[in-house]
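# Coordinate inspection notes
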Amino acid sequence: MSLNVKRLGARDQRVQRLRRLLRRSSVRDSEHAFVAEGVRLVEAAFDAQARIEELFVSPEWHSSAPTTAVVERAAASGVAVFELGPGIMERIGDTVSPQPVCAVVESVELGIGELLSHLATDSANGLVLVCVDVRDPGNLGAVLRIAGATGVKGVICCAGTVDPFNPKVVRASAGAVFRVPLVIGASPAEVLEELEKHGYRRWATVARGGSDYSVAELEGRVALVLGNEGAGLPDEVVRRLDGSLTIPMESGTESLNVAMTVAVLCFDLARRRRLSSS
């Protein structure tokens, strides 16, 4: 295959845009685009049929078979491919060992009503996750990864939660950011109202004092509401929920972090769905 790869210098407008998309959530939001870094994430974007605008590679891209394969796939799909000059990839990213390839991908997000209306026609058994002021990018990325692995129907990132298209979140999601439907920026009050309107039981996840998740009735439409890593859920949010869930732990044990809590609950609910359908 003949590859048309154009080299770009550090001052090229495309390179400047790439840097801004990596570093500023306001730019990602206004341009409805974000950056996927590394062969695996770019492949995941292609596999999910995400709209890839441009692909960028380091000067050594042709010495790596996986990177060459991604370049060929991009060229075959009509995606423009650009080679960055020496040292540029290292300067624009925020990782210690920058990846040899990255792509600008169109971001897709839904409104809360749009997501829930779609799920109403899809299935009565729709699990969604609601993130209220979840700030750690690694945690949110892991939440997305778990959601993708367990068939969660959507992740709602309320205002105050870290940008799901933040580079650290995208990397931690391991490609799930391309597959899991996302709602971004709605207020907790609006989200909880819409969930109630669409027949969802809304459960807080709390360290202590809630119902044992293993015996709680979690069939039908369920929303798990996740709070801030340190402060948990605000009282005004908890008061509007239908109940709270706790993962029993030995005395003296600190609470689980957000990602671990989601893993326990979502994999258990996935197990229940498999048993009920067999």
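For the structure, see preceding data.
Reading the values: rules and limits
Residues numbered from 1 in each chain as written. Predicted model: local features only at pLDDT ≥ 70, side-chain atom pairs only at ≥ 80, totals over all residues. Heavy atoms only, no water. Buried < 20%, exposed > 50% of the residue type's maximum accessible area, 1.4 Å probe, protein only. Helix = DSSP H or I, 4+ residues; strand = E, 2+ residues; numbered from the N terminus. Arc of directions from axis to C-beta. Core = buried A, V, L, I, M, F, W, Y, C linked by side-chain atoms within 4.5 Å. Contact = heavy atoms within 4.5 Å. Pairing = 2+ DSSP bridges. 1 Å grid on protein atoms, 1.4 Å probe; cavity = no way out; pocket = protein on both sides within 12 Å on 5 of 7 lines; lining within 4 Å. Points joined across faces, edges and corners; volume = space filled by probe spheres on them. Nonpolar A, V, L, I, M, F, W, Y, C, P; charged D, E, K, R; others polar. Axes fitted to C-alpha atoms, helices over the stretch in contact; angles between N-to-C directions.

Within helix α9 (residues 188–197) the residues assigned to the buried category are V191, L192, E194 and L195. Looking down the long axis of α9, one finds its buried residues gathered within 165° of arc, a one-sided arrangement. Facing away from the buried side of α9 by more than 90 degrees, the exposed set consists of E196 and K197. Following α9 by one or two positions, G199 adopts a phi angle in the positive range, close to 80°.

What follows covers the nonpolar core. The biggest cluster of nonpolar side chains holds 55 residues, and the ones touching the most others in it are L55, L129, V155, F178 and L224. In terms of residues, this core owes the most to one element, helix α3 (residues 39–47), which gives 6 residues. When neighbours within four sequence positions are excluded, V155 is seen to be in contact with L129, C131, L144, A147, V180, P181, L182 and V183.

This part covers the sheet that holds strand β9 (residues 201–205). Spatially, β8-β7-β6-β11-β9-β12-β10 is the arrangement adopted by the 7 strands of the open sheet, whose pairing is parallel. Every other strand in the sheet has two partners, leaving β8 (182–184) and β10 (211–212) as the edge strands with one partner each. In terms of strand pairing, β9 meets strand β12 (residues 243–246) through 3 bridges, oriented parallel. Considered in β12, the bridge of A204 is made with S244.

Taken as a whole and assessed by the stated rule, the structure comprises 1 cavity of 30 Å³ or more. There is about 60 Å³ of room inside the largest cavity. Contributing to the lining of the largest cavity are L22, E37, M89, I92, G93, P98, Q99, V101 and C102. For the lining of the largest cavity, the secondary structure elements donating two or more residues are α5 (88–92) and β5 (101–106). Partitioning the lining of the largest cavity into residue classes produces 6 nonpolar, 2 polar and 1 charged.

What follows covers the sheet that holds strand β1 (residues 5–8). Taking strand neighbours across the sheet as the criterion, the 5 strands line up as β1-β4-β3-β5-β2 in an open arrangement whose pairing is mixed. Since the sheet does not close on itself, it has two edges, and those belong to β1 and β2 (33–37), each with one partner. Each neighbouring strand pair of the sheet contributes to a mean axis angle of 25°, computed without reference to strand direction. As judged from the 5 bridges shared by β2 and β5, these two strands associate in the antiparallel manner. The partner of E37 across the bridge, within β5, is C102. Of the strands in this sheet, β1, β2, β3 (52–57), β4 (80–84) and β5 touch helix α1 (residues 13–23), which is tilted by about 90° from β2.

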